[in-house]
Amino acid sequence: MIREMTKDGSDIDEIMALWLESTITAHPFLSEAYWKENYDIVKNAYLPQSETYVYAEGPEIAGFISIVDKEFIGALFVSAKRQGCGIGAKLTAYAIEKYDQLSLAVYVENHNAVTFYRKMGFSVIAEQENADSHVMEYIMRRG
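Residues numbered from 1 in each chain as written. Predicted model: local features only at pLDDT ≥ 70, side-chain atom pairs only at ≥ 80, totals over all residues. Heavy atoms only, no water.

### A few points about the side chain of S79
Topologically, S79 is positioned in the loop between β4 (72-78) and α3 (87-98). Under the relative-accessibility criterion, S79 is labelled buried at 6%. (Helix = DSSP H or I, 4+ residues; strand = E, 2+ residues; numbered from the N terminus. Buried < 20%, exposed > 50% of the residue type's maximum accessible area, 1.4 Å probe, protein only.)

### Re the side chain of S103
With respect to the secondary-structure elements, S103 resides in strand β5 (residues 102-107). The contact partners of S103, leaving out residues within four places of it in the chain, are E71, F72, I73, M140 and R141. (Contact = heavy atoms within 4.5 Å.)

### What to know about the packing of aromatic side chains
Tallied over the entire structure, the rule returns eight aromatic pairs. Considering the side-chain rings of W19 and W35, the 6.1 Å spacing of their centres and the 80 degrees angle between planes classify their relative orientation as edge-to-face. Taken together, the residues W19 in helix α1 (residues 12-26) and W35 in helix α2 (residues 32-46) connect sequence positions 16 residues apart. Neither residue differs from the other here; W19 and W35 are each classed as buried. Ring geometry for Y34 versus W35: centroids 4.8 Å apart, planes at 80 degrees, classification edge-to-face. Judged by its relative accessible area of 15%, Y34 is buried. Residue classification places W35 among the buried residues on the basis of a relative accessible area of 8%. Within the aromatic cluster, the residues linked to one another by ring pairs are W19, Y34, W35 and Y39. (Phe/Tyr/Trp six-rings, centres within 6.5 Å; stacked < 30°, edge-to-face > 60°.)

### Observations regarding the pairing of strand β3 (residues 60-68)
Across the nine residues of β3, eight count as buried, placing the element largely inside the fold. Where strand β2 (residues 50-57) lies against β3, eight bridges are found, and the strand directions are antiparallel. What sits directly across from E57, in β3, is E60. Between the end of β2 and the start of β3, which pair antiparallel, lie two residues, with G58 showing a positive phi angle near 65 degrees. A loop of three residues connects β3 with β4, the two strands running antiparallel in sequence, and D69 in this loop sits at a positive phi of about 55 degrees. (Pairing = 2+ DSSP bridges.)

As structure tokens, this is what we get:
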């Protein structure tokens, strides 16, 4: 089931645990310390300014997607034990249906994510160096 992240903040710790585990796994070309250093800004700045939707199976959150300014996918993460089960596609399809035009930034070296987004109808429109990590990323757009 896809639902909005709770307004009272009760989902935040589970979302952040999922984010940390998944982002470290998905980005082996960046140090684990880099992600741990960014934990607080994701939790206290990025998530609060985003519209975040979770894929929940009972009480467990198996994935989430965050949309910034009604047009930018700021995060899409699925629990490591649930990857390959279609959860990311369901969350992305939900966002595509809800928002007219979507874009995102994805690291060039994250081949699985680039392939996934292409299958979901996104195209590369630019390549740039990420200002924080200094790693090359694609800007992709759909719609």
